[in-house]
Amino acid sequence: MQPDTSKPKSPPSADPVADFMITEEPYYRSSGQEIALFEAAYAVGIPIMLKGPTGCGKTRFVEHMASRLGRPLITVSCHEDMTASDLVGRYLLDADGTQWHDGPLTLAVRLGAICYLDEIVEARQDTTVVIHSLTDDRRILPLEKKNEVLKAHPDFRVVISYNPGYQSVLKDLKESTKQRFAAIGFSYPEASIEAEIVATEARVDRRVADTLVRIGQRSRNLRGHGLDEGASTRMLVHAAMLVSRGISIEDACQMAIVLPITDDTDVRAALTAAISACI
């Protein structure tokens, strides 16, 4: 196969790069060296893995970095039914006949975008291996159905996210995939920073944010005692948003934290008691 960097026959618009640019920089509160680490890895072309629990800010961080670096961002929410063709593309029949349609990965390779594969362990291993040739020094994407080998744009990068809490024998990355990436670890921010995030995101006063963060910390202490995960920062922001609409903290926590996070009546009772103790 010969390299072919020709433009797609059916671009999504006259300016496809603009379609994936983040025009307004998302709010992101740094809690460590993650911005400097990401920028260094991006500069030297190392693929990046973000490891951390659900709702701790990984996706927001990628959006912030794409905006900060001025690069388009193409996000793929991985799932177990996703195939390699869903990432790479396929021939489809349309009004003009049978046409090739780029998948999100191929589009990112052509445009020089950051391709963010969110929760990559949800995808099958035979799907994720499609990124191998893009995450080593080859930086190519074979499009076997087109008999084409696509060379990656110099600015193309792969970022994946990964929740070690969901790791299992059946849901884990191949070693040959893991070892292509540099990793940045995430966890829930320390209390004062998390309260600042909750207050800013939901536009509530600091007293409300501090209370919700204490509730979040109590819920995280139940991890392994009936809960797989405690309340995430995202959940605390949702509760705060309800409070900003006049809902009591207790009712907001029931709606945004207790009911979504567990169906176990004993755990719900423990969470409700923890909330009452913090209010």
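Residues numbered from 1 in each chain as written. Predicted model: local features only at pLDDT ≥ 70, side-chain atom pairs only at ≥ 80, totals over all residues. Heavy atoms only, no water.

- Looking at an unreviewed UniProt entry, one finds the chain named Denitrification regulatory CbbQ/NirQ/NorQ protein, with Rhizobium etli 8C-3 as its source organism.
- Reading the Sequence similarities (unreviewed entry) entry of the UniProt record for the chain gives the comment "Belongs to the CbbQ/NirQ/NorQ/GpvN family." (UniProt positions renumbered as here; feature names shortened; annotations may be inferred.)

**Re the sheet that holds strand β9 (residues 182-185)**
- The strand order across the open sheet built from five strands is β2-β5-β8-β1-β9, with neighbouring strands paired in parallel fashion. A strand with exactly one partner marks an edge of an open sheet, and here the two such strands are β2 (73-77) and β9. For this sheet, the mean angle separating the axes of adjacent strands, direction not counted, is 20°.
- Strand contacts of helix α5 (residues 104-111): β2 and β5 (114-118), with the helix running at about 165° to β2, the strand carrying the most contacts. (Pairing = 2+ DSSP bridges. Helix = DSSP H or I, 4+ residues; strand = E, 2+ residues; numbered from the N terminus. Axes fitted to C-alpha atoms, helices over the stretch in contact; angles between N-to-C directions. Contact = heavy atoms within 4.5 Å.)

**Digging into the domain arrangement of the chain**
- With domains assigned, the chain is organised as domain 1 (18-185) and domain 2 (191-277).
- Taking the mean C-alpha position of each, domain 1 and domain 2 sit 31 Å from one another.
- Domain 1 puts eleven residues into the contact, and the matching count from domain 2 is ten residues.
- The interface formed by domain 1 and domain 2 holds two salt bridges in total.
- Taken together, the links from domain 1 to domain 2 amount to four residue pairs in polar contact (both at pLDDT 80 or more). (Domains from an automatic or database assignment. Salt bridge = Lys/Arg side-chain N within 4 Å of Asp/Glu carboxyl O. Polar contact = N/O pair within 3.5 Å; in protein donor to acceptor, adjacent residues only side chain to side chain.)

**Some details on α5**
- Burial runs high along α5: seven of the eight residues are buried.
- Here α5 has its buried residues at L105, T106, L107, A108, V109, R110 and L111.
- Immediately beyond the C-terminal end of α5, within one or two residues, lies G112, with a positive phi of roughly 75°. (Buried < 20%, exposed > 50% of the residue type's maximum accessible area, 1.4 Å probe, protein only.)

**Re the side chain of H64**
- With respect to the element layout, H64 can be found in helix α3 (residues 58-69).
- By relative accessible area, H64 is classed as buried at 4%.

**What to know about the packing of helix α2 (residues 34-44) against α3**
- Remark: α2 packs on α3, axes separated minimally by 11 Å, with the N-to-C direction vectors making an angle of 60°. Taken together, the axis directions place α2 and α3 in an arrangement best described as oblique. Taken as a pair, α2 and α3 cross one another with a handedness that is right-handed. Residues E34, I35, F38, E39 and Y42 of α2 form the contact with α3, whose participating residues are F61, H64, M65, R68 and L69.
- Here the contact of α2 with α3 is built from residues that sort into six nonpolar, one polar and three charged. (Parallel < 35°, antiparallel > 145°, perpendicular 65-115°, else oblique. Left-handed = near helix turned anticlockwise from the far one by under 90°. Nonpolar A, V, L, I, M, F, W, Y, C, P; charged D, E, K, R; others polar.)

**Considering the packing of helix α8 (residues 191-202) against helix α9 (residues 206-220)**
- Running from N to C, α8 and α9 cross one another at 125°; their axes reach a closest spacing of 8 Å. On the basis of their axis angle, the class for α8 and α9 is oblique. Crossing of α8 against α9: the hand is right-handed. Judged by residue contacts, A191, S192, E194, A195, E196, V198 and A199 of α8 engage R206, A209, D210, L212, V213, Q217 and R220 from α9.
- For the contact of α8 with α9, a count of residues per class yields seven nonpolar, two polar and five charged.

**Observations concerning the UniProt feature "domain: CbbQ/NirQ/NorQ C-terminal" (unreviewed entry) in the chain**
- UniProt annotation of "domain: CbbQ/NirQ/NorQ C-terminal" (unreviewed entry) refers to residues 194-277 when read in the numbering used here.
- Structurally, residues 194-277 is divided into 74% helix and 0% strand, and its ends, taken at the C-alpha atoms, are 20 Å apart.

**Re α9**
- With 15 residues, α9 extends 21 Å between its outermost C-alpha atoms, agreeing within 8% with the 21 Å of an ideal straight helix rising 1.5 Å per residue.
- If you check which residues of α9 are buried, you get V208, A209, T211, L212, V213, I215, G216, S219 and R220.
- Among the structural elements, α8, α10 (233-244), α11 (249-261) and α12 (265-278) are those in contact with the buried residues of α9.
- You can read the cap of α9 off the contacts: a side-chain oxygen lies 3.1 Å from the backbone nitrogen of R207, and it is on D205. (Expected span 1.5 Å × (residues − 1).)

**As for the pattern of salt bridges**
- Taken as a whole and judged by the stated rule, the model has 15 salt bridges.
- Its salt-bridge partner being R124, residue D126 comes within 3.0 Å of it at the nearest N-O pair.
- The residue D210 makes a salt bridge to R206 at a minimum N-O spacing of 3.0 Å. Placement of both D210 and R206 in helix α9 is noted, with a separation of four residues, approximately one turn of the helix.
- On the basis of relative accessibility, which here comes to 29%, the residue D210 falls in the partly exposed class.

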